[in-house]
Every structure is written in C-alpha cells, then in structure tokens.
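Architecture at a glance
Given next are the chains, with one letter for each unit.
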Amino acid sequence: MSTEDVASYDWRSRLKREWLLLLFVALTMMLACIDPQPFARYERWLQLPTLCGLLGLLIAIQGIRDSGLIQRIAGMTVARVHSLRAVGLLMVSMTAVLSIVLTNDVSLFLMVPLTVAIGGMSNLPVLRMAILEALAVNAGSTLSPIGNPQNLLIWQHGQIPFLQFVGHMLPASAVMFVLVALLTWFWLPKDKVELQAERLDGHPISVSLAILSIVSLAMMVLMMERGHAPLGALLLVVPFALFSWRSLKHIDWFLMATFAAIFLGLGHFAALPAVEHALDKIDFNQPLALYLSGIVSSQLISNVPATVLLLDRGPDIMALAVAVNVGGFGVVIGSLANLIALRLAKQPHGMRLFHEVSIPFLLICAPLVYIAMRLLS
C-alpha cells in the first residue's frame with residue numbers, strides 16, 4: 001500500500017469515528033433541503049469569527065505543546081503536590097479562576113493539555129480530570145460577563161453594569177463550583193501521586209517556539225476581544241507556517257469541521273417556524289418557565305444559540321443568563337466547551353463517561369441553583 005493510500009485510509013478511518021460531525025452534517029443537509037434559506041443566513045449561522053478564533057487558539061496551544069513548556073510545568077506541578085485529590089482540586093480551581101478572566105474555551109486550551117501532560121508522567125486519571133475541568137469552566141465563567149459567549153451577549157444586550165452582573169451571578173456560580181469541588185474530591189482516588197521519574201525530568205524546551213506560542217495566544221485573545229478574530233488567525237498562520245509547520249499539521253481539523261457543522265445545523269434548527277411557534281406558547285413571565293426553557297433549549301441547540309433564541313422573549317434577562325449557564329451542563333452540546341475539553345483530552349470512551357457524570361450533575365445542580373436564586377432574589 002502506497003503512502004498516499006495509507007493517508008487516505010487514515011482519513012476515512014478517522015471520519016467513521018467522527019459520529020458527531022457526521023450527525024450534524026446530516027442535520028444541516030436535511031434542513032437545507034426541507035427549508036432552504038438565503039446564503040446570507042447560512043453565513044450568519046456559520047459564525048466565522050468564532051471559528052477563526054477557535055483556529056487561532058488551536059494553533060497557539062499546539063505550539064505551546066510542541067515547545068515542551070506544558071510538559072515542564074506539569075513536572076513541576078506533580079513534584080510539589082502528592083495527593084491525586086489535591087492535584088485535582090488545584091487543577092479544577094485554576095480552571096475555574098482562569099475562565100472568569102480568559103473565557104471558558106481559552107481556559108480549557110491551557111488546562112487540558114497540562115492535565116494530559118501530568119497524566120503522562122503520573123497516575124492522574126486524565127479523562128476524569130478533563131470532564132471535571134469542563135464542568136469547572138462552566139461554573140467559573142458563569143460569574144463573569146466576559147467568561148463565555150452567552151454572558152457577553154446578555155451583558156451587551158442588557159447594558160448591565162459589570163459589578164451588578166457579577167453580583168447577580170455569584171450565587172449560581174458559587175453553587176456550581178461547590179458541586180464541582182465536591183465531585184472532584186469524591187470521584188478522584190485517594191491514592192498518592194505516583195511519578196514516572198524517567199518522564200519527569202529533563203524534558204527539552206524550545207524557548208523560541210514557546211515565546212512565539214505564548215505571544216500568539218495573548219495576541220489571539222486580544223484580537224478576539226476586539227472583534228478581529230479572522231485577522232488574528234491569519235496573523236498566526238504565517239509565522240507558524242514559516243517556523244513551526246509541524247504545529248499546523250497537528251491541528252485538530254475535524255474539531256473545526258464539527259464546530260462548523262454544529263453552528264450551521266443548530267442555527268438553522270433554532271430558526272425553524274415550528275420552533276418559533278412552540279416558543280410562542282410558553283409564558284416567559286413565569287420565572288420557572290423561563291428557567292426550564294433556558295436549560296432545555298441549551299440541551300437541544302447549545303446554550304449560545306439558546307440565548308439568541310430567548311433573548312427578547314423573557315422580561316428578566318439575568319434569569320435567562322442563569323438558565324443558559326446551568327444548561328451548559330448535561331449533554332455534550334449544552335456548552336461547546338464540553339466538546340473542546342473531550343477533544344483536547346483525546347481519551348477513549350470520553351463521550352460516554354462525560355454523559356454518565358454531566359447529566360446527573362445537571363439534575364442535581366439545576367434545582368439547587370434555582371432555589372438559591374429564588375431565596376436571594
């Protein structure tokens with residue numbers, strides 16, 4: 001078999017495993033056939049700036065990985081913390097705090113590769129930690145107007161003062177984080193950290209690639225905040241193509257395609273007349289109806305499209321913010337950060353274990369958050 005045949009076989013074999021991509025490609029094509037729309041609507045649903053931002057982050061983080069910096073930081077971390085539970089709580093706390101400032105996806109791009117590196121040199125259960133970190137970014141980013149896309153959208157739409165937004169979301173975020181911390185403590189083994197000494201020391205670092213990648217990450221975050229994600233991604237592709245072509249080759253292009261298919265499929269689904277008609281029957285003036293609608297719609301179409309769908313329907317915009325953030329738990333598409341965490345971890349049976357944990361977590365978290373918000377309102 002020639003090299004070209006092997007490469008073609010690898011791509012076909014990989015594509016067969018990408019069931020989520022195939023599912024949403026099928027959904028997109030079916031909706032395009034039964035409800036064709038002008039090209040401009042598909043262009044809007046595709047969310048090109050978001051995809052370009054994702055590409056830029058993938059490039060920068062792949063460069064940091066290839067530089068060896070993450071492996072060195074991982075070695076320093078496990079050398080100083082001796083309990084798996086302590087490592088878990090440290091990583092979960094760091095992930096939640098970073099998501100308040102750097103957004104949920106950026107936090108995962110930093111923390112999950114670090115977790116994978118730590119797991120490679122110790123007995124830390126990588127898949128469990130990746131799932132916990134996905135839950136942690138949802139809890140942490142809930143607090144901040146800039147923590148995730150749905151909060152940013154609601155914050156800008158409602159013109160709410162920054163500190164007022166934080167104050168309103170604090171009870172929900174606190175309940176979420178306490179539950180994540182408890183899950184971390186009871187789900188991770190009691191064992192001590194067992195280090196593989198031969199993989200702990202002496203990992204080479206490419207200083208030039210590390211500097212290029214860190215600067216690229218900072219620039220990409222800045223460009224995304226300023227609304228110039230496509231330009232930022234383009235500015236990253238050029239230097240990496242010249243100085244670290246291997247990093248570009250290692251980008252998860254299937255993840256990019258999956259996000260594009262999800263954006264198109266869910267965007268079109270949310271705009272269907274039948275969906276709009278069903279929403280017209282709901283009394284969004286009732287707090288519980290708005291809360292449940294935000295959670296359920298997030299499970300069906302993800303929490304960012306759910307926010308767009310419900311933004312002008314409910315009188316209490318902050319109640320909607322709580323609902324769609326809680327809706328990030330549950331099924332994997334509740335928040336696309338869940339999908340990012342699983343793809344970065346690259347662990348077998350990740351989707352199944354995620355749902356075994358995240359759906360019960362939602363069923364426990366949702367009533368507790370609602371009770372806390374009602375008691376403090």
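Quick caveat, the model's predicted, so the values are computed rather than measured. (Residues numbered from 1 in each chain as written. Predicted model: local features only at pLDDT ≥ 70, side-chain atom pairs only at ≥ 80, totals over all residues. Heavy atoms only, no water.)

1. Quick notes on the overall build of the chain
The condition that has to hold: Comment: elements are numbered from the N terminus, with helices defined as DSSP H or I runs of at least four residues and strands as E runs of at least two. Each radius of gyration reported is based on C-alpha atoms, and the globular scaling rule is 2.2 Å times the count of residues to the power 0.38. Here the term buried applies to any residue with accessible area under 20% of the maximum for its type, exposed to any over 50%, and partly exposed to those in between, with areas from a 1.4 Å probe on protein chains only. Should any heavy atoms of two residues lie within 4.5 Å, those residues are counted as being in contact. Accessibility throughout is a Shrake-Rupley quantity obtained with a 1.4 Å probe, and a residue counts as covered only by protein chains that appear here. None of His or the chain ends enter the tally, which takes Lys and Arg as positive and Asp and Glu as negative. To locate a charge, the coordinates of NZ of Lys, CZ of Arg, CG of Asp or CD of Glu are taken.
When its secondary structure is counted, the chain shows 21 helices and zero strands. Relative to its length of 377 residues, the chain is compact, with a C-alpha radius of gyration of 21 Å against a globular reference of 21 Å. Each of the three principal axes of the chain carries a C-alpha extent, and together these read 60 × 50 × 35 Å. Expressed as a percentage of its 377 residues, the buried residues of the chain come to 52%. In the chain, 81% of the contacts between residues at least 6 apart in sequence involve partners at least 24 apart. With an accessible surface of roughly 17,700 Å², the chain has 69% of that area assigned to carbon and sulfur atoms. One way to put it: in the chain the 23 positive side-chain charges average out to a point 5 Å from where the 21 negative ones average out.

2. Digging into the pattern of salt bridges
Oppositely charged side chains can form a pair if their charged atoms are brought close together. Applied cut-off: In the sections that follow, a salt bridge refers to a side-chain nitrogen of Lys or Arg positioned within 4 Å of a carboxyl oxygen of Asp or Glu.
The tally for this structure, following the rule as stated, stands at three salt bridges. For Arg313, the salt bridge is made with Asp280, and the minimal N-O distance between the two is 3.0 Å. You can see Arg313 sitting in the loop between helix 18 (303–310) and helix 19 (317–326) and its partner Asp280 sitting in helix 16 (residues 273–280), a full 33 residues away along the chain. Three or more residues are tied together by salt bridges with common partners; here these are Glu276, Asp280 and Arg313.

3. Quick notes on unusual backbone geometry
It is generally the case that most residues other than glycine have a negative phi and that most peptide bonds are trans. Of note, Ser302 is a non-glycine position whose phi angle comes to about 80°, a positive value. Positive phi values are uncommon outside glycine, yet His349 reaches one of about 60°. Within the secondary structure, His349 is located in the loop between helix 20 (336–345) and helix 21 (350–376). Since its relative accessible area comes to 56%, His349 is described here as exposed.

It is worth stressing that arrangement in space is one thing and function is another; only the former is reported here.
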